[in-house]
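Given next are the chains, with one letter for each unit.
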Amino acid sequence: MIKENTGPRRKLALAVSLLGMGLAGSAHADITVGVILSLTGAAASLGKPAENTVRVWPTEIGGQKVRLVMLNDNSDATEASKQASKLITEEKVDVIVGPSITPPSIAAMEVAGRNGTPIIALGGGNAIVEPQEGPRKWAFKMAAPESLSVEKAIEHMKAHKVKNAAVIAVTTSYGEGFLKAFSTQAPAAGIKITATERIGAQDVSATSQVLKVMAANPDAVYIFSFGTPGATPHIELAKRGYKGAIYQTHGVANADFLRIGGKDVEGSFMAVAPVLVAEQLAAGNPVRKPAMDYVTQYEGKYGENTRSQFGSTAWTALNWLQATVPVALKKAQPGTLEFRQALRDALEGMKEVVSPEGVFNMSAANHNGLDARGQVMVRIDGGKWKLVDDAK
């Protein structure tokens, strides 16, 4: 049963009761999973595929029935904090999945951590889980760390003789995290940063930033943004005739970016999760099978070429719960602090858990756990994602 409550801002409150068969004779209560997504606002193009993915989750995890409560944060950190409080105090959730982007994820993490509730954030910034202290001990996130993504892009730049690069970064913790990583790694790789411009997530024009960047005459421009806002400076660069290479982050790796960008984003590069090019992965790649399984289910329901990294993160959250809920159930029943603690500990102890996003190995110091198997270079070719051989 799905109940929707829409207001002036289309605040979505979905109470989804998934009635699976469960294990006969089980004494455990249903597992309650709270989901917070950006279904409206600047990051709506990221939240929607995650919502679609959650709707095709199985009806049980670890042999137990699942009750899902899904809320919209409107791409807003304050709203995400309120929704996290509601999920914990009113719905008594065992775990939170989401929000979709970094600032709301940080806001929800603070609430979840203070209340002893594990949170599997879908946002990309390492600030969600670092440093591992205080509320962050309850937080986990699967998107590649900025350092790993930037490292992949720099390898590609060096192979293509890029000597200098300019940066356009969104003014959020996501953009700042990538800017910090690139500012650290680029000089060591012999790449000079000739210009650094910032753009707001709500800005509808990037003319000023692009003119300053082009005046610096860089070999490449690296854009640190997410969702449709990431297309704004990219399209402006193309329209003003910029001929150098353009790099983006995994924050724009969805079909909506391709639709909005059209021919203006052709030929650009980005380091992304393997799921985006699942069919193009080598047969021996451990991520190929889970990635293909997800793509088959998702595109079978929503259409060809509708996959995105932001849908697959929601599937990875499911994979994590499938790996850890059975472990937690051995120690406590859902609906208790003891179960939430056991689930947190099980998430922290995950080893070689494979998903469409990569292979994860967690530890007390690392609540991301992704290694190089979680990033591939792609190029936009003919409106589609094309796998690029490493450093080629």
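Residues numbered from 1 in each chain as written. Predicted model: local features only at pLDDT ≥ 70, side-chain atom pairs only at ≥ 80, totals over all residues. Heavy atoms only, no water.

Trainee: Please give an account of the packing of helix α1 (residues 44–54) against helix α9 (residues 288–302) that cites residues and values.
Mentor: Two numbers describe how α1 lies on α9: the axes approach to 11 Å, and their chain directions differ by 100°. On the basis of the axis angle, α1 is roughly perpendicular to α9. Where α1 abuts α9, its residues Pro 49, Asn 52 and Thr 53 lie against Tyr 294, Tyr 298 and Tyr 302. Of the residues assigned to the contact of α1 with α9, the class counts are four nonpolar, two polar and no charged. (Axes fitted to C-alpha atoms, helices over the stretch in contact; angles between N-to-C directions. Helix = DSSP H or I, 4+ residues; strand = E, 2+ residues; numbered from the N terminus. Parallel < 35°, antiparallel > 145°, perpendicular 65-115°, else oblique. Contact = heavy atoms within 4.5 Å. Nonpolar A, V, L, I, M, F, W, Y, C, P; charged D, E, K, R; others polar.)

Trainee: Run through the confidence of the model for the protein, naming residues and quoting values.
Mentor: Residues at a pLDDT of 70 or more form 92% of the protein, whose mean pLDDT is 91. Predicted confidence is poor over residues 1–27, with pLDDT under 50, and the contacts of this stretch with residues over four places away or in other chains come to 61 contacts. (pLDDT = per-residue confidence, 0-100.)

Trainee: Tell me what's going on with the pattern of salt bridges, and back it up with residues and numbers.
Mentor: Opposite charge on two side chains permits pairing when their charged atoms draw close. Tallying each qualifying case throughout the model produces 17 salt bridges. Here Lys 263 and Asp 264 are joined by a salt bridge, their closest N and O atoms 3.6 Å apart. Notably, a salt bridge pairs Lys 289 with Asp 293, separated by 3.0 Å at the nearest N-O pair. Of this pair, Lys 289 and Asp 293 both sit in helix α9, four residues apart, which is roughly one turn of that helix. Residues participating in the shared-partner salt-bridge network are Lys 48, Glu 51 and Arg 55. (Salt bridge = Lys/Arg side-chain N within 4 Å of Asp/Glu carboxyl O.)

Trainee: So what about the packing of aromatic side chains? Which residues, and what values?
Mentor: Following the criterion strictly, the structure yields 11 aromatic pairs and no others. Ring geometry for Tyr 298 and Tyr 302: centres 4.7 Å apart, planes at 45°, overall tilted. One end of the pair is Tyr 298 and the other is Tyr 302, both in helix α9 and four residues apart, which spans about a single turn. Residue classification places Tyr 302 among the partly exposed positions, given a relative accessible area of 26%. What links up through ring pairs into an aromatic cluster is the set Tyr 174, Phe 178, Phe 182, Tyr 222, Phe 224, Tyr 247 and Phe 269. (Phe/Tyr/Trp six-rings, centres within 6.5 Å; stacked < 30°, edge-to-face > 60°. Buried < 20%, exposed > 50% of the residue type's maximum accessible area, 1.4 Å probe, protein only.)

Trainee: Can you lay out the environment of Val 378 for me, pointing to particular residues and giving the numbers?
Mentor: By the secondary structure assignment, Val 378 is in strand β16 (residues 376–381). Taking the C-alpha atoms as reference points, Val 378 and Ala 271, separated by 107 residues in sequence, lie 6.3 Å from one another.

Trainee: Can you explain the nonpolar core? Please cite residues and give values.
Mentor: Membership of the largest hydrophobic core comes to 49 residues, with the highest contact counts inside it found for Val 33, Trp 57, Ile 120, Trp 320 and Leu 321. Among the secondary structure elements, those contributing two or more residues to this core are β3 (31–37), α1, β5 (64–72), β6 (95–97), α9, α10 (309–329), α11 (337–348) and β15 (358–360). Here this core takes nine residues from α10, the largest share from any one element. When near neighbours in sequence (up to four residues on either side) are disregarded, Trp 57 contacts Val 33, Leu 68, Val 97, Ala 314, Trp 315, Ala 317, Leu 318 and Leu 321. (Core = buried A, V, L, I, M, F, W, Y, C linked by side-chain atoms within 4.5 Å.)

Trainee: Just give me the short version of the pairing of strand β10 (residues 192–199), but keep the residues and values in it.
Mentor: As defined by bridge partners, strand β9 (residues 164–170) adjoins β10 across seven bridges and the pair is classed as parallel. Pairing of Asn 164 across the sheet is with Lys 192, part of β10. For the segment spanning β9, helix α5 (residues 173–188) and β10, crossover handedness is right-handed. (Pairing = 2+ DSSP bridges. Right-handed = clockwise from strand over helix to strand, strands pointing away.)

Trainee: Run through α11, naming residues and quoting values.
Mentor: Between its first and last C-alpha, α11 extends 17 Å over 12 residues, near the 16 Å set by a 1.5 Å rise per residue. Taken as a whole, α11 has its buried residues at Phe 339, Arg 340, Ala 342, Leu 343, Arg 344, Ala 346, Leu 347 and Glu 348. Looking at the buried side of α11, the elements it contacts are β6, β7 (119–121), β8 (139–141) and α10. (Expected span 1.5 Å × (residues − 1).)

Trainee: Quick one: what's the story with unusual backbone geometry, residue by residue and with numbers?
Mentor: Note: most residues except glycine have negative phi, and most peptide bonds are trans. Geometrically, the link from Gly 98 to Pro 99 is a cis peptide bond, its omega value of -5° lying close to zero. Mapped onto the secondary structure, Pro 99 falls in the loop between β6 and α3 (102–114). Between Glu 130 and Pro 131 the backbone carries a cis peptide bond, its omega angle lying at 0°. Checked against the element boundaries, Pro 131 lands in the loop between β7 and β8. In the Ramachandran plot, Asn 74 falls in the positive-phi region, its phi being about 55° despite a non-glycine side chain. With respect to the helices and strands, Asn 74 occurs in the loop between β5 and α2 (77–89). Relative accessible area serves as the criterion here: at 18%, Asn 74 is assigned to the buried category. Its identity is not glycine, yet Lys 92 carries a phi of approximately 55°, on the positive side. As for its position among the elements, Lys 92 is in the loop between α2 and β6.

Trainee: Which residues make up the pairing of strand β12 (residues 245–248), and what values do they have?
Mentor: Here strand β11 (residues 220–224) runs beside β12; their pairing, made up of three bridges, is parallel. The residue of β12 that forms the bridge with Tyr 222 is Tyr 247. The handedness of the β11 to β12 crossover, carried by helix α7 (residues 231–239), is right-handed. Of the strand pairs in this sheet, β12 and strand β13 (residues 269–272) are connected by two bridges, and their pairing is parallel. Counted as the bridge partner of Gln 248 is Met 270 from β13. What joins β12 to β13 is helix α8 (residues 255–261), and the crossover it makes is right-handed.

Trainee: Residue-level account of empty space enclosed by the protein, with values.
Mentor: Scanning all chains against the criterion turns up two cavities of 30 Å³ or more. Roughly 120 Å³ of volume is contained in the largest cavity. For the largest cavity, the lining is made up of 15 residues, of which Ser 100, Gly 123, Gly 124, Tyr 174 and Phe 310 are closest to its centre. It is α10 that contributes the most residues to the lining of the largest cavity, three residues altogether. Broken down by class, the residue content of the lining of the largest cavity amounts to seven nonpolar, eight polar and no charged. Forming the boundary of the second largest cavity are Leu 46, Ala 50, Ser 100, Leu 122, Phe 310 and Thr 313. For the lining of the second largest cavity, the elements supplying multiple residues, two or more each, are α1 and α10. When grouped by side-chain class, the residues that make up the lining of the second largest cavity number four nonpolar, two polar and no charged. (1 Å grid on protein atoms, 1.4 Å probe; cavity = no way out; pocket = protein on both sides within 12 Å on 5 of 7 lines; lining within 4 Å. Points joined across faces, edges and corners; volume = space filled by probe spheres on them.)

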